[in-house]
Amino acid sequence: MIRNWSSISELSTPPSVTATDLDALVQPALEALQQHLRECRDGVGKVIRLDDPETISAELQLEEWIGRGGMQPQDLGRFLAAYLQRVTRLNHPAYAGHQVAVPHPASAVADLVNGVTNNGMAIYEMGPPAVALELTVLRWMLRQVGWTPAAPATHASSAKPATPEGAGGVLTHGGSLANLTAMLAARAHCAPEAWEEGTPSDLIVLAPAVSHYSVARAVSILGLGAKAVWPIEVDARHVVQASHLESLRTKAKAEGRRIMAVIANACSTATGLYDPLPEIGAFCREHDLWFHVDGAHGASALVSPRDRHKVAGIELADSLIWDAHKMLQTSALCAAVLVRRDADLPGAFRQGLDYLVDHSHQAGPDLIHRTVECTKAPLGLKLFLTLATVGEDGMAAHWEHLCDRTHAFWKLISARDGFTCPYEPQSNILCFRVEGGQDLDALQTKLRARVLAEGDFYLTSATVNGRRHLRLTVMNPATDEARISELLDRLSDHARSINGGIC
Ligand SMILES: *Cc1c(COP(=O)(O)O)cnc(C)c1O
């Protein structure tokens, strides 16, 4: 039986939520989600609907619901059905937008479990099994890199691991926070006094200009100013030219600057191409420089025995970030910061946390010493349940399938009149351009705007070699050549009408 929730407000003490309440709410939510997934599977409906927030808010009656309260389970079902009509549909085969996973249902179940249990587990006591899961998936990730995990810390010694030589990590709420955490570790290595005294102004970071914006943001947050990111020379495809690193080192020396970190992309966000990690890594080892690999998207090649050669040299890194919510099928967010020396992570945060951490009766490791977050969601459950369900083979198959599809789309697009691709893809990210007319950059922008306004396809755009391109990130295993052919037809039609002055 479904309780009338409005009766709750008449009670002096609000009752706690019961299993029956959960069931009453989850059933209609589940039905709405099942309908959503069926529509996505059949490719019906829009993949994206870009109305303004006021229109959406009015249609969904958001203010009314807040004002009146008392949403019943059947209302919830109707509300979610309307909401799901408007979500950006990652499960739709016409989705080739940003680099966010079509999540495995096991990860969605983890979100529900986390939503009920709310184990904010940066402190061990707040979620012992969540910590055990996090440490286990981190060790799995470290072994993929080829690193030996540090011996598990069993008590407050998490700040001082038993095997200082072993590797370690922490899960964070996303790759941007992971990059910031890694830059903090690099700073602590280079300028240990910085935590107390502030960041010395002679520090610089070498990174390709096409690095994810969170890198410059992290450097700016550290107080260095974004100008402290010195661009490493790249080729026309934005891939790092490792031979230019030496001249940057000489220049830094001449100007009295210290290199805090050298950053490489594996792979780059815009193009999906990999920087030459063995060369960059060897340079860093030779000159004792902190080597950070941004593998938020492409470190997942590690899970594929066929493709892991793309990230050869990754083991030379001092720090590495790797998002599970991009290519490891988990829902957002689930990212990892991994370090070759476990002690470098607690070393990044040099703060006594005595009011939170009582060392006298410590039962297990507190992750709070190695992370920006205080309340930290049990992110490991998403990756664990997904891995436990699909296995390592399933992870590899997912990666390989998406890369294979992308390669097939590259062939399809390259072979077509009026379309060009600037490079052969190395992952599941592919840039291309529609030719024709005077202003090609403006054409790509107009094309994307038209396609998104129609809502039948979702693709992004990126600048490659100074030129605007359209960009496919093939995240959905159901996106096939027929779907991409339809997209190309649509783009051709629009290009003709734009260039013919019809619009
Ligand atoms: C996606 C991405 C990031 C940012 O990760 P979020 O999880 O979106 O914060 C950082 N670096 C690269 C190379 C990325 O592709």
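Nothing here was measured: the structure is a model prediction, and the numbers come from that model.

## Some words on the site of the ligand
Around the ligand sit 15 residues, and of these Gly175, Ser176, Asp294, Asp323 and Lys326 come closest. In the model, an oxygen atom of the ligand is placed 2.7 Å from a nitrogen or oxygen of the Ser176 side chain. A distance of 2.8 Å is found between an oxygen atom of the ligand and a side-chain nitrogen or oxygen belonging to Asp323. Those elements giving two or more residues to the shell around the ligand turn out to be α7 (175-190) and α12 (324-327).

## Notes on the packing of helix α15 (residues 440-454) against helix α16 (residues 481-499)
In the contact formed by α15 and α16, the axes pass within 10 Å of each other and the chain directions differ by 120 degrees. Taken together, the axis directions place α15 and α16 in an arrangement best described as oblique. In terms of crossing hand, the pair formed by α15 and α16 is right-handed. Only Leu487, Arg490, Leu491, His494, Ala495, Ser497, Ile498 and Asn499 of α16 make contact with α15, whose side of the interface consists of Leu443, Lys446, Leu447, Arg450, Val451 and Glu454. The class makeup of the residues in the contact of α15 with α16 is seven nonpolar, three polar and four charged.

## Structural notes on α15
What sets the pattern is the α-helix's 3.6 residues per turn: residues three or four places apart point alike. Over its 15 residues, α15 runs 21 Å from end to end, which matches the ideal 21 Å to within 8%, given 1.5 Å per residue. Looking at α15, one finds that the buried residues are Leu440, Leu443, Gln444, Leu447, Val451 and Leu452. All buried residues of α15 project into a common sector of 155 degrees when viewed along the axis, lining one side. Looking at the buried positions of α15, the neighbouring elements they touch are β10 (429-434), β11 (458-464), β12 (467-473) and α16. Measuring from the side-chain oxygen of the N-cap residue of α15 to the backbone nitrogen of Asp441 gives 3.3 Å; that N-cap residue is Asp439.

## Concerning the sheet that holds β12
Pairing is mixed across the open sheet formed by five strands, whose spatial order is β1-β11-β12-β10-β9. Lying at the two open borders of the sheet, with one neighbouring strand each, are β1 (95-96) and β9 (419-420). Of the strands in this sheet, β9, β10 and β12 are in contact with helix α14 (residues 380-414), which crosses β10 at around 10 degrees. Relative to the sheet, α16 contacts β9, β10, β11 and β12, its axis offset from that of β10 by approximately 30 degrees.

## Quick notes on the side chain of His36
Checked against the element boundaries, His36 lands in helix α1 (residues 19-41). Sequence-distant contacts of His36, defined by excluding residues within four places in its chain, comprise Leu84, Val87, Arg89 and Asn91.

## Comments concerning helix α6 (residues 128-145)
With 18 residues, α6 should cover 26 Å at 1.5 Å per step; its first-to-last C-alpha distance of 26 Å lies within 8% of that length. For α6, the complete set of buried residues consists of Ala130, Val131, Leu133, Glu134, Val137, Leu138, Trp140, Met141, Leu142, Gln144 and Val145. Each element contacted by the buried residues of α6 is listed here: β2 (168-172), β7 (319-323), β8 (335-339) and α14. Two residues or fewer past α6, Gly146 is found with a positive phi of approximately 100 degrees.

## Some points on the nonpolar core
The nonpolar side chains of a soluble globular protein tend to be buried with one another. If you look at the biggest cluster of nonpolar residues, it comprises 86 residues, and the most contacted ones within it are Leu338, Phe432 and Leu491. If sequence neighbours within four positions are ignored, Phe432 has contacts with Ile413, Phe419, Thr420, Cys421, Pro422, Gln444, Leu459, His469, Leu470, Leu472, Leu488 and Leu491. In terms of nonpolar packing, the next biggest core, distinct from the first, is built from 23 residues, Leu184, Ala185, Val229 and Met260 among them.

## Digging into the packing of aromatic side chains
For the structure on display, the rule yields five aromatic pairs. With a centroid separation of 5.5 Å and 75 degrees between ring planes, the pair formed by Tyr95 and Tyr458 is classed as edge-to-face. Here Tyr95, found in strand β1, pairs with Tyr458, found in strand β11; they are 363 residues apart in sequence, far enough to count as distant. The pair Tyr95 / Tyr458 is uniform in exposure class, with both members buried. Ring geometry for Phe419 versus Phe432: centroids 6.2 Å apart, planes at 35 degrees, classification tilted. Of this pair, Phe419 sits in strand β9 while Phe432 is found in strand β10, placing the two residues 13 residues apart along the sequence. Of the two residues, Phe419 and Phe432, neither departs from the other in class, the shared state being buried. Taking NZ or CZ as reference, Arg68 lies 4.3 Å from the ring centre of Trp65, over its face.

What counts, and where the lines are drawn
Residues numbered from 1 in each chain as written. Predicted model: local features only at pLDDT ≥ 70, side-chain atom pairs only at ≥ 80, totals over all residues. Heavy atoms only, no water. Near = heavy atom within 4 Å. Polar contact = N/O pair within 3.5 Å; in protein donor to acceptor, adjacent residues only side chain to side chain. Helix = DSSP H or I, 4+ residues; strand = E, 2+ residues; numbered from the N terminus. Axes fitted to C-alpha atoms, helices over the stretch in contact; angles between N-to-C directions. Parallel < 35°, antiparallel > 145°, perpendicular 65-115°, else oblique. Left-handed = near helix turned anticlockwise from the far one by under 90°. Contact = heavy atoms within 4.5 Å. Nonpolar A, V, L, I, M, F, W, Y, C, P; charged D, E, K, R; others polar. Expected span 1.5 Å × (residues − 1). Buried < 20%, exposed > 50% of the residue type's maximum accessible area, 1.4 Å probe, protein only. Arc of directions from axis to C-beta. Pairing = 2+ DSSP bridges. Core = buried A, V, L, I, M, F, W, Y, C linked by side-chain atoms within 4.5 Å. Phe/Tyr/Trp six-rings, centres within 6.5 Å; stacked < 30°, edge-to-face > 60°. Lys NZ or Arg CZ within 6 Å of the ring centre and 35° of its normal.

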